[in-house]
There are 2 protein chains.
Amino acid sequence: MKKPIEQNFSVPFRYQVHFTEKVFDQNNPLFASLLGGGATQPKTLFVLDQGVATAHPELTRQIRSYAEAHADQFKLPCAPLLVPGGEQVKNQQTWVDAILEATHIHGIDRHSYVIGIGGGAVLDMTGYAAAIAHRGVRHIRVPTTVLAQNDSGVGVKNGINAFGKKNYLGTFAPPYAVINDTTFLQTLDDRDWRAGMAEAVKVALVKDAAFFQWMEVNAKRLAARELEPMVELIYRCAELHMQHIAGGDPFEMGSSRPLDFGHWAAHKLEHLTRYEMRHGEAVAVGIALDTTYSALKGHLHPEGVTRVLNLLTALGFDTYVPALEQPDLLNGLQEFHEHLGGKLTITLQEEIGRGFEVHEMDTALVTEAIDRLRTSTGSERLSCYAS
Amino acid sequence: MKKPIEQNFSVPFRYQVHFTEKVFDQNNPLFASLLGGGATQPKTLFVLDQGVATAHPELTRQIRSYAEAHADQFKLPCAPLLVPGGEQVKNQQTWVDAILEATHIHGIDRHSYVIGIGGGAVLDMTGYAAAIAHRGVRHIRVPTTVLAQNDSGVGVKNGINAFGKKNYLGTFAPPYAVINDTTFLQTLDDRDWRAGMAEAVKVALVKDAAFFQWMEVNAKRLAARELEPMVELIYRCAELHMQHIAGGDPFEMGSSRPLDFGHWAAHKLEHLTRYEMRHGEAVAVGIALDTTYSALKGHLHPEGVTRVLNLLTALGFDTYVPALEQPDLLNGLQEFHEHLGGKLTITLQEEIGRGFEVHEMDTALVTEAIDRLRTSTGSERLSCYAS
């Protein structure tokens, strides 16, 4: 019999995350410059989060004026497609199908662009549609929330929910470019302003003690909605997230996923609260839980737990919610395992700025950690863990 | 404003195309050896082409026996999912949804396997479902036709049709492994035996004059269904195809696609004949057309055309079909262009074994080439072009 034919190649990916303000102001050349340069003007299909359109009622008109002013660089075949914001947009196939139909009707090809403007859910859904049309058309993300600008929007994943499972359908598909526009941050409601900071706490805990310390110093300004430290937080968090993707296993072929620290419980909490908890709010509780567990298990010094809970509280997060007590919570471990496959792999902390992986969790200790979160508040914490 | 964050990484892909016979004979260790080795037995979900199941009525039982004999290496959570063979399986979302639901019900995760057994259409559809479930579960292809074993099944593309457009939805997703089992070739009907050879003629014309000459020498044996030269043809064609993928632009981010020689007309002919023409049959006519055009345009010596038409005829292909005369045929150029995007890029021939690219086609000459194909047959050809 003939010997096997070996296939072996690497696919290079490259993109930039740009920082700007008023991206569709006619005098801002950034967006047009990303598309221009070819002999023909490429087509652009915009998908716009309804929540963003409401907070920025002038946006649709601005996009049209911008396209007219840059008609030599790109074409706008139709008005932006409006889609609902938030997790609901990922809960059915409808919106993906609407985008696909628009790509068909308007002849969006592999050298055209689908531009998603919105929060993480809208970008996840839009990115999925863009990734499967013609086996992937060019996709530009304009994330409008803290969470999307510092985490989900700068990475390589997309997806929608199916069969009651989060992100059951999706692909790994690096964007063509990402544009972080600070203008959008200013109209966020307080919950969305806050929620995205949970991913910054997470990545700092796993990768960068100095960044954690910086957040401790700036917690008050961040909680008070000062823009300048927020842009700083987004930049550093996005950078750490992207370095992690590039340095490891971008398409997650292995079982290790340190950036999912705190996420097994977070995913389950979102589901248990029917997505009344935002992703970042659930991640904050998940971080509090796995940090506490790390200490109870003897990996992390109790003082570390105090610092983490204090920072989360200072940023305005709850570190305990009643949904933690639902018996189904612990099934989140199994579901997290199934999504990833292979060996169960959970990241814990050994010190602030350094995570490590375990392959089993002591469920009695998880329950004890939940008890501690329920009963501990602020000043009690140090004594609570110093025993 | 802050400077852009640069993202830059490469994702390595590696897989093997194995050659074997009787892959699910209990004494053949190949399949189990591809899955084994982990601490836990991974799950396998089989998707089986109904045409293959009919031609090999023992196959489902063999797979079950094989799984029982190798229960230490993998688990079979359910019977194979039977799906219709041929292009129809790609014309609706139904079958993709059925596979996705099975992955959900049986807990197929990113370390489990979806195994597609069948012709190119079934593998394209199955590969697409496997690529979007959990952002990609492991996918093993067992191609059963000549076309799938030497071309579509060994590459990195998957997809289904939508909006009346071929492969409108899909992804680039390298398989985990491919198993070419010669057993399946022996039950192919004559059309499927023959059709797959068109891709071998194509790749030889564009890349390998010696392979073309080898086919000229072996045409009679290939047409007479001798297995040994067919395995040789499949091996060399698969190898050239895979080398091309690895050496160039695996995920087709540019506009160049030399392996689509003859394909603009082929895709349109399939559509115009409502898929009564098989893909390979249409590719044979598309090759005849673009080869003739290359000569009329003065790029290829007329003797080259004669050799190509004679080889196609010796292998049993028609080089002319009435559908070529339909006025809509020329729209195939535009549709081919739209699918790929960017600049229209068509491969022509300058000599046997060497293709080159053009960015426009002279439609009057295409029409003349069709006239030549209609009127020329066998021995007349040389004189027909020598004028």
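In every chain, residue numbers begin from 1 and rise along the written sequence. Throughout, the order in which chains and ligands are written sets their labels, letters from A for the former and numbers from 1 for the latter. A pLDDT threshold of at least 70 governs which residues receive local features in this predicted model, and a stricter bar of 80 or more applies before side-chain atom pairs are shown or counted, although totals over entire chains, interfaces and linings include all residues. The side-chain figures draw on all heavy atoms in the structure; neither hydrogens nor water molecules are used.

Asks: How should the environment of Leu185 of chain A be read in this particular structure?
Replies: Residue and element names in this part refer to chain A. Residue position: Leu185 is located in the loop between strand E8 (177–181) and helix H7 (190–195). Burial here depends on accessible area, computed with a 1.4 Å probe over protein chains only, as a share of the maximum for the residue type. Under 20% is buried, over 50% is exposed, and the range in between is partly exposed. In this structure Leu185 comes out as buried when scored by relative accessible area, which is 0%. Any two residues having at least one pair of non-hydrogen atoms within 4.5 Å are treated as being in contact. Discounting chain neighbours no more than four positions away, the residues touching Leu185 are Thr144, Thr145, Val146, Gln149, Trp193, Arg225, Leu227, Met230 and Ile234. What counts as a helix is a DSSP run of H or I of at least four residues, what counts as a strand is a run of E of at least two, and both are numbered from the N terminus.

Asks: What's the story with empty space enclosed by the protein in this structure? I'm lost.
Replies: A water-sized probe, rolled over the atoms, reveals where empty space remains. All names here are of chain B. Detection works on a 1 Å grid of protein atoms alone, calling trapped sets that fit a 1.4 Å probe cavities and calling open sets with protein on both sides within 12 Å along at least five of seven lines pockets, with lining residues defined by an atom within 4 Å of a point. Grid points are joined across faces, edges and corners, and a volume is the space filled by probe spheres set on the points. Tallying each qualifying case throughout the model produces three cavities of 30 Å³ or more. Taken as a whole, the largest cavity holds about 70 Å³ of empty space. As for the largest cavity, its lining consists of 14 residues, and the residues nearest its centre are Asp260, Phe336, Thr345, Ile346 and Thr347. Going through the elements one at a time, helix H11 (263–272), helix H14 (331–340) and strand E9 (346–351) are the ones with two or more residues in the lining of the largest cavity.

Asks: I tried to follow the domain arrangement of chain A on my own but got confused; where do I start?
Replies: You'll often see interface size given as the accessible area lost when the parts meet. Residues and elements named next belong to chain A. Boundaries of every domain are those given by an automatic assignment or by a domain database. Looking at the assigned domains, one finds that chain A contains domain 1 (16–185) and domain 2 (194–240 + 256–385). Put simply, the middle of domain 1 and the middle of domain 2, counted by C-alpha atoms, are 30 Å apart. Defined in terms of a 1.4 Å probe, buried area is the accessible area two parts forfeit on being brought together, summed over both. A buried area of about 1600 Å², summed over both sides, lies between domain 1 and domain 2, and 66% of it is on carbon and sulfur atoms. Think of a salt bridge as a Lys or Arg side-chain nitrogen and an Asp or Glu carboxyl oxygen that are within 4 Å of each other. Our enumeration of links across domain 1 and domain 2 arrives at two salt bridges. Here Lys166 and Glu270 are joined by a salt bridge, their closest N and O atoms 3.3 Å apart.

Asks: Quick question: what am I supposed to make of the sheet that holds strand E4 (residues 113–118) of chain B here?
Replies: Two strands in a sheet stick together by hydrogen bonds in their backbones, pointing the same way (parallel) or opposite ways (antiparallel). Two strands qualify as a pair provided DSSP detects at least 2 bridges between them. Pairing in this open sheet of 12 strands is mixed, and the strands run E3(A)-E2(A)-E4(A)-E5(A)-E8(A)-E1(A)-E1(B)-E8(B)-E5(B)-E4(B)-E2(B)-E3(B) from one edge to the other. The open sheet is flanked by strand E3 (81–83) of chain A together with strand E3 (81–83) of chain B, the only strands paired with a single partner. In this sheet, neighbouring strand axes are inclined to one another by 20° on average, regardless of whether the strands run parallel or antiparallel. With 13 bridges connecting them, strand E1 (residues 5–20) of chain A and strand E1 (residues 5–20) of chain B associate as antiparallel partners. Directly across from Tyr15 of chain A, in E1 of chain B, lies its bridge partner Gln7 of chain B. The convention used is that axes are lines fitted to C-alpha atoms, helices contributing only their stretch in contact, and that angles between N-to-C directions extend from 0 to 180 degrees.

Asks: Looking at this model, I keep getting lost on the interface of chain B and chain A. Mind explaining?
Replies: Of the residues lining the interface, 68 residues belong to chain B; the matching set on chain A comes to 68 residues. At the surface where chain B touches chain A, the tally comes to three salt bridges. Its salt-bridge partner being Lys2 of chain A, residue Glu232 of chain B comes within 3.4 Å of it at the nearest N-O pair. Polar contact is the term for a pair of N or O atoms within 3.5 Å; when the atoms are in protein, one must be able to donate a hydrogen and the other to accept it, and sequence-neighboring residues count only if both atoms are side-chain atoms. The tally of links from chain B across to chain A stands at 31 residue pairs in polar contact (both at pLDDT 80 or more). Residue assignment for the side of chain B that touches chain A shows that the elements contributing at least two residues are E1, helix H4 (94–105), helix H5 (120–132), strand E7 (165–169), helix H10 (227–247) and H14 of chain B. Of all the elements, E1 of chain B adds the most residues to the side of chain B that touches chain A, at 16 residues. Residues are sorted three ways: Asp, Glu, Lys and Arg are charged, Ala, Val, Leu, Ile, Met, Phe, Trp, Tyr, Cys and Pro are nonpolar, and all the rest, Gly among them, are polar. Residues belonging to the side of chain B that touches chain A are distributed by class as follows: 32 nonpolar, 20 polar and 16 charged.

Asks: Looking at this structure, how should I read the nonpolar core?
Replies: Note that soluble globular proteins tend to have their nonpolar side chains buried in a common cluster. Only buried residues count toward a nonpolar core, which is a set of Ala, Val, Leu, Ile, Met, Phe, Trp, Tyr and Cys residues joined through side-chain atoms within 4.5 Å. Ranked by size, the top nonpolar core spans 161 residues in total, and within it Trp264 and Leu289 of chain A together with Trp264 of chain B carry the most contacts. When near neighbours in sequence (up to four residues on either side) are disregarded, Trp264 of chain B contacts Leu289, Asp290, Leu329, Leu330, Gly332, Leu333, Phe336, Ile346, Met361 and Val366 of chain B. Ranked by size, the runner-up nonpolar core spans 48 residues in total, among them Ala121, Val137 and Ile160 of chain A together with Ala162 of chain B.

Asks: Looking at this structure, I do not really get the packing of aromatic side chains. What am I missing?
Replies: Pairs of aromatic rings are described using the distance from one ring centre to the other and the angle between the two planes. Each Phe, Tyr or Trp ring, with Trp reduced to its six-membered ring, pairs with another whose centre is within 6.5 Å; inter-plane angles below 30 degrees give stacked pairs, above 60 give edge-to-face pairs, and intermediate values give tilted ones. This structure, assessed with the given rule, holds 30 aromatic pairs over all chains. Measuring from centroid to centroid gives 6.0 Å for Phe211 of chain A and Trp214 of chain A, while their planes differ by 25°, and the two rings are stacked. Here Phe211 of chain A and its partner Trp214 of chain A are both found in helix H9 (residues 209–223), three residues apart, which amounts to about one turn of the helix. The class of Trp214 of chain A is partly exposed, set by a relative accessible area of 24%. Centre to centre, the rings of Phe251 of chain A and Phe13 of chain B are 6.4 Å apart; their planes meet at 55°, and the pair counts as tilted. Linking Phe251 of chain A in the loop between helix H10 (227–247) and helix H11 (263–272) with Phe13 of chain B in strand E1, this pair reaches from one chain into another. Side by side, Phe251 of chain A and Phe13 of chain B carry an identical accessibility label, which is buried. For a ring to carry a charge above it, either NZ of a lysine or CZ of an arginine must fall within 6 Å of the ring centroid while also lying within 35 degrees of the normal to the ring plane. Across from the ring centre of Tyr235 of chain B, 4.6 Å away, lies the NZ or CZ of Lys2 of chain A, which sits over that ring.

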